[in-house]
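# Results of the structural survey
Chain by chain, the residues:
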Amino acid sequence: MLLLFFLVHRLSSQGRPLPGLHLDLRAPADSCDDINNCRKLFDIAWGCLATIFACTWVSVHPNLPPPNQSRLALFWRRLKLMFTAVIAPELMVGFAARQFFTSRAHSKEFNISKTHGFFISMGGFVSRAGHHPVTTYSQLVDVREYLTDIRAVEAEDIEDKSKGDALSKGVALVQGLWFTTQCLARVHQNLPVTELEIATLAFAVVNLFIWLLWWNKPLDVQRPMLVGPSEMLNSESVNIQDPSLVSPGKTDTEPLPSRLFFWIGLIGGQYRHYEPESCTSVPSFWSTHGNALKYMNSFLIECFVGTVFGAIHCAAWNNEFPSTDERWMWRSCSLLVAALPVIIGFDFLFLDPDWSYGIEERITTIIFVASTALYITARLFLLILPLIACRALPPGALTDVNWATYIPHL
């Protein structure tokens, strides 16, 4: 990405517009009237990259991986979560919300800490017999030894396995808050906020929800804790490298709606056909089997965050763009990103795994697939447009915030 910024900077400095686009006359990208209060394109790019990295890498707390995975496999697993957070950050918020509600319910039901609840949801406790994840309500209730051993584990012992603490999470949170403060200060001083900063601000605001919801969740834990008796009936295990891609009892010969609902369930965290007793780890977006109210609350949060994410992009509605086409692409994509999560969410409510695939189900399927494809396309445009706009920044974009105006003079 730094190479891309370098190429954009070189094109802008040499006055070469991108093919097919008509540029407006504006100040050179490297010009600034006040030499003591200026910033460079690299400063803008570096601040945005640091914030996006904190939002999509530091804030993402994956579940425990399958056993005996290589470092490359673990890195690739984390990279996929990061890619998901970039393309659809509201899905990460929904994932975090489901685990938050689950951990809170476990904490109240079984008289354990929220840290214990998160560790249960992320597959941190496994059975001694068969190495099965102990993560469902029925497991905790039916096998009393599980809950006894879990309660015997101190919350500090679980936190000690975490690769992050309050300081590291606080640094990521402060980075997001500092970037948001800079953007607000630029607006207050009538300085233009670039499209790249608007897009980064949307990530920072959305990831505030992730940081808060996952505050008590251990980070990057790779080794589980053993609980329960050493011998149990039917303890035969199946070593599944990626449980999220396995649907027990389902084949490719099943009708399209049933297979479609399975993949939709993966997005929403509803693994209806996943059984912990047949696997050695939990899926990537697993929280646990829960009641309808938990999923409804998570769904409402996802819709709200998706709308907020698109609305922040709409804040650049009247920004100066290098071309008229880019301005209208930004406006249309921002509106789509703000509106489509609500449409997808309502459509998701009508998807039924047991339908007969009549005319209503066909329409529902078409709307869902089309809305999802359109949302992904709009998100990709909103990832590319801010980078392209860096080739011709508006006048005043390289003027830095005068922080001295906010310091009271005695």
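Residues numbered from 1 in each chain as written. Predicted model: local features only at pLDDT ≥ 70, side-chain atom pairs only at ≥ 80, totals over all residues. Heavy atoms only, no water.

### With respect to unusual backbone geometry
Note: most peptide bonds trans; most residues except glycine with negative phi. One non-glycine residue, Asn-68, adopts positive backbone phi at about 60°. Take Asn-68: it is sitting in the loop between helix 2 (41-58) and helix 3 (71-87). For Asn-68, a relative accessible area of 72% corresponds to the exposed category. Of note in the backbone geometry, Asn-111 takes a positive phi value of approximately 55° without being a glycine. (Helix = DSSP H or I, 4+ residues; strand = E, 2+ residues; numbered from the N terminus. Buried < 20%, exposed > 50% of the residue type's maximum accessible area, 1.4 Å probe, protein only.)

### Notes on the environment of Phe-368
If you trace the backbone, Phe-368 turns up in helix 14 (residues 359-389). For the pair Phe-368 and Ile-343, spaced 25 residues apart in sequence, the C-alpha to C-alpha distance is 8.2 Å.

### With respect to the environment of Ala-129
When you line up the elements, Ala-129 lands in the loop between strand 1 (125-127) and helix 6 (137-142). In sequence terms Ala-129 and Pro-229 are 100 residues apart; their C-alpha atoms lie 6.8 Å from each other.

### Describing the packing of aromatic side chains
This model, assessed by the stated rule, comprises ten aromatic pairs. Between Phe-119 and Phe-125 the ring centres are 5.0 Å apart and the planes differ by 85°, which places this aromatic pair in the edge-to-face class. We note that Phe-119, like Phe-125, is buried. With a centroid separation of 5.8 Å and an interplanar angle of 50°, the aromatic rings of Phe-321 and Trp-330 are classed as tilted. Clustering of aromatic rings is evident, with ring pairs tying together Phe-95, Trp-214 and Phe-285. Geometry around Trp-328 places Arg-331 over its ring, the cationic atom sitting 4.8 Å from the centre. (Phe/Tyr/Trp six-rings, centres within 6.5 Å; stacked < 30°, edge-to-face > 60°. Lys NZ or Arg CZ within 6 Å of the ring centre and 35° of its normal.)

### Section: the pattern of salt bridges
Following the criterion strictly, the structure yields five salt bridges and no others. A salt bridge links Arg-78 to Asp-220; the nearest nitrogen and oxygen atoms lie 2.7 Å apart. One end of the pair, Arg-78, is in helix 3; the other, Asp-220, is in the loop between helix 10 (195-213) and strand 2 (225-227), with 142 residues separating them in the sequence. Residue Arg-78 is classed as buried on the basis of its relative accessible area, which comes to 9%. Look at Asp-220 and you get partly exposed, because its relative accessible area is 21%. A salt bridge links Glu-302 to Arg-98, with the nearest nitrogen and oxygen atoms 3.2 Å apart. Residue Glu-302 is located in helix 12 (residues 292-314), and its partner Arg-98 is located in helix 4 (residues 89-110); the two are separated by 204 residues in the primary sequence. The same class applies to Glu-302 as to Arg-98, namely buried. (Salt bridge = Lys/Arg side-chain N within 4 Å of Asp/Glu carboxyl O.)

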